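Coordinate analysis (summary)
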Amino acid sequence: MRFEILERDGLARVGELEIDGVKHSTPALAFIDSERYPAPKGVLKIEPPSKKGKGDLLIEPSGFSTSHHDGIEADLRPAFRGSPYAAGKYDEYLSCLTETSSMMLDSKKFVDSVSELKSGDRLIKPMYCSVMGLPHRLALLAYCGYDVFDSMPLIMAAEYGNYLTSTGILDYARIKDLPCACPACASEKRGKKELLQHNYTEALNELRLLRHTISEGRMRELVEARIRSDPWLVQNLRLMDLDHYDLQELHTPVKGAPFQAGSKESLSRPDIIRWRKRLEGRYKKPDGAGVLLLIPCSARKPYSKSQSHKRFLQAIWQSGRADTVHEVIVTSPLGLVPRELELFYPAKDYDIPVTGHWDRDEKRMVEEMVSWLVESQRYSLVVSHLGDEREPVNSVLKDFVDTSQGSPGSRESLLRLEETLRDHVPAAKSGGRHSRELADMRSLCRFQFGEAGEGLCDDARIAGRWPNLKILKGETQLGMLTGDRGMVSLTIDGAKVIASSGAYSVEIEDFIPKGNLFAVGIERAGKDIRIGDDVAVAHGKDVRAVGVAQMTPFEMELSKRGEAVRIRHALH
Ligand SMILES: [Zn+2]
């Protein structure tokens, strides 16, 4: 058996499972095949060793089924609640969840087991889930990293008269007009056989959707939608966020797909929490930006392209104090976005429903972040120019000027903002635009690479037109901020600077990468690396290439196959 992970989205992945030369795309269904419940043609089948055919997944029924294969059937009848498969016997090639029935009653146990199955070398094995994979649960289960599901719950549902859909379970007997056009539903017949065929089709369709969604990097949104009909699923997602943020964050790309933050759970997405934690852990305001100006977000992103922000920028510019003003955008669910980070994912990639009302969780989050900002960054003046978010923010500010009076876009407010800045802020002494541009870039590099990022801006200058800005030292280019990526892409010279502090580095055997770097050549990978990060590829002190990480650092070290770093530049 061979398993290769082809695409990743958090813990979810699209893979290829090859058994005896027969290939299957995962997430996949593995069908039980018995006389009473024959598997469809051409699918992945589960068989015991005695019956195994070419390409079948080999699993032996456990002791609490009978030793004979047909013993499985006894476990498929109504009222059976466990897994018919032996525990721990397949660890060599499959990562198996056991005691599934107790996990259906205990979400804490379920999420803890996910964390366990994703540790050590089990991370790169296919993860097998029996009994739980109903169509409406598949999204959450795949989000937690499961790759293969058995058909048992589909069979059991048919025995119970349960008509399965991707959003929940319906009573087959009560549906007048079947909401499906699969061959079984389209036939005039209604029986267990047709119901089972429908349940199979529904699960297979959902798995197709999951593979597409993983490939698009939008699993989190789908999961937030799919969990609504089943409290067990909601519990699982919330507990994954509360108890296993670190595991999820490790697998969350630094540059993901745009998303809708439309549910309560969106507030605790790992990429959102990482944004807030990274601000608190890494962030330093740009040098010389002594005046904090708090402004509202805009629906259009990046914010500075919106009409409202163009007016704010004009007022700031006309005050003649632009170089000393630090604009920070107040927004949910990110909390705060310093202007110089507005291109960095997910600051320009989220959408929220706007009602003008902030709920209690959002208010508390913003209060905490504003308090952190003013206490840690030490401004000489704080100006609040806010709308709906004015009340919670102003309530935690001590010394400040309110220039918006609640309507930040009005002519009077904009004029008040301009005058306040001119009257309260002394004109900048030296440096001006160029040194502020460099200070903004330094802040961004620090946010992206940690302290090592600051080295990129020592004695450097900035060239180009926002959002495409180059970092130059003398005539040597170290990196470039680009508008679409929203972060700095390094040259080999830039990678040397980062690697000199040991940050964001992948250690390879003694060769020069040609094309992309595969996991097999990697000896060690820095634990600060996330998928989507720029990394230095080095042998000892010798930086040989730079590129974008495609795997987590643990996977880079464990895997024997797969693209680990997409190389941008390599030594010749
Ligand atoms: Zn159907």
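A quick note: this is a predicted structure, and the numbers were derived from the prediction, not measured.

1. So, the overall build of the chain
- Tallying secondary structure elements over the chain gives 18 helices and 28 strands in all.
- Whereas a compact globule of 572 residues would reach a radius of gyration of roughly 25 Å, the chain reaches 27 Å, a difference of no more than 12%.
- Projected onto its principal axes, the C-alpha positions of the chain cover 85 × 60 × 35 Å.
- Looking at the chain residue by residue over its 572 residues, the buried ones come to 58%.
- Residue pairs at least 24 apart in sequence account for 63% of intrachain contacts in the chain once pairs closer than 6 positions are excluded.
- When the accessible surface of the chain is split by element, carbon and sulfur atoms take 49% of a total near 24,500 Å².

2. Concerning the domain arrangement of the chain
- Its domain assignment divides the chain into domain 1 (2-231), domain 2 (264-424) and domain 3 (434-570).
- Between domain 1 and domain 2, the C-alpha centre-to-centre distance is 46 Å.
- On the side of domain 2, five residues touch domain 1, which itself brings six residues to the contact.
- Together, Arg 220, Glu 224 and Arg 228 form the three largest contributors to the area buried by domain 1 at its contact with domain 2, with a combined 81%.
- Taken together, the links from domain 1 to domain 2 amount to one salt bridge.
- A salt bridge links Glu 265 to Arg 228; its shortest N-O distance comes to 2.4 Å.
- Here domain 1 is connected to domain 2 by three residue pairs in polar contact (both at pLDDT 80 or more).
- Sort the elements by how many residues they give to the side of domain 1 that touches domain 2 and helix H8 (residues 219-226) lands first, with three residues.

3. Here we look at the environment of Ile 512
- As for its position among the elements, Ile 512 is in the loop between strand S23 (505-508) and strand S24 (517-518).
- The spatial distance from the C-alpha of Ile 512 to the C-alpha of Ala 538 is 9.1 Å, given a sequence separation of 26 residues.
- Aside from chain neighbours lying at most four places away, what touches Ile 512 is Arg 544 and Leu 571.

4. Thoughts on the pairing of strand S19 (residues 461-465)
- Note: S19 against strand S20 (residues 468-473), five bridges, orientation antiparallel. When the sheet's bridge partners are listed, Arg 465 is paired in S20 with Asn 468.
- Counting the residues between successive antiparallel strands, the hairpin from S19 to S20 contains two residues.

Criteria and thresholds
- Residues numbered from 1 in each chain as written.
- Predicted model: local features only at pLDDT ≥ 70, side-chain atom pairs only at ≥ 80, totals over all residues.
- Heavy atoms only, no water.
- Helix = DSSP H or I, 4+ residues; strand = E, 2+ residues; numbered from the N terminus.
- Rg over C-alpha atoms; globule rule 2.2 N^0.38 Å.
- Buried < 20%, exposed > 50% of the residue type's maximum accessible area, 1.4 Å probe, protein only.
- Contact = heavy atoms within 4.5 Å.
- Areas by Shrake-Rupley, 256 points an atom, 1.4 Å probe, with all protein chains shown as cover.
- Domains from an automatic or database assignment.
- Buried area = accessible area lost by both parts, 1.4 Å probe.
- Salt bridge = Lys/Arg side-chain N within 4 Å of Asp/Glu carboxyl O.
- Polar contact = N/O pair within 3.5 Å; in protein donor to acceptor, adjacent residues only side chain to side chain.
- Pairing = 2+ DSSP bridges.

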